[in-house]
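Listed here are the chains, written in short residue letters.
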Amino acid sequence: MAKTNPFTFIQQVRSETAKVTWPTRKETGVTTLMVFIMVFFAAMFFLAADQLMSWGISILLGF
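Residues numbered from 1 in each chain as written. Predicted model: local features only at pLDDT ≥ 70, side-chain atom pairs only at ≥ 80, totals over all residues. Heavy atoms only, no water.

So, the environment of P23
With respect to the helices and strands, the residue P23 is situated in the loop between α1 (6-19) and α2 (25-61). Take P23: its relative accessible area is 51%, and that puts it in the exposed class. Put simply, P23 and I59 are 36 residues apart on the chain and 51 Å apart in space, counted from C-alpha to C-alpha. (Helix = DSSP H or I, 4+ residues; strand = E, 2+ residues; numbered from the N terminus. Buried < 20%, exposed > 50% of the residue type's maximum accessible area, 1.4 Å probe, protein only.)

Re α2
Owing to its 3.6 residues per turn, the α-helix brings residues three or four apart onto one side. For α2, which comprises 37 residues, the first-to-last C-alpha distance of 54 Å matches the rise-based estimate of 54 Å (1.5 Å per residue) to within 8%. Residue G62 follows α2 closely and has a positive phi angle near 80 degrees. (Expected span 1.5 Å × (residues − 1).)

This is the structure we're talking about:
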């Protein structure tokens with residue numbers, strides 16, 4: 001593999017970075033909010049599942 005000098009490498013990196021479509025501030029905020037909402041729902045689901053299994057096992061073992 002041929003080595004690239006640092007100047008050429010930096011040019012290539014800048015060229016590739018210019019091709020990236022960056023999200024807007026609004027898109028980032030909406031996506032972040034959606035992630036927090038989904039994390040909340042996942043936490044509630046696993047809490048309910050854990051409580052249900054705990055209840056079932058306590059009934060099964062007679063505690």
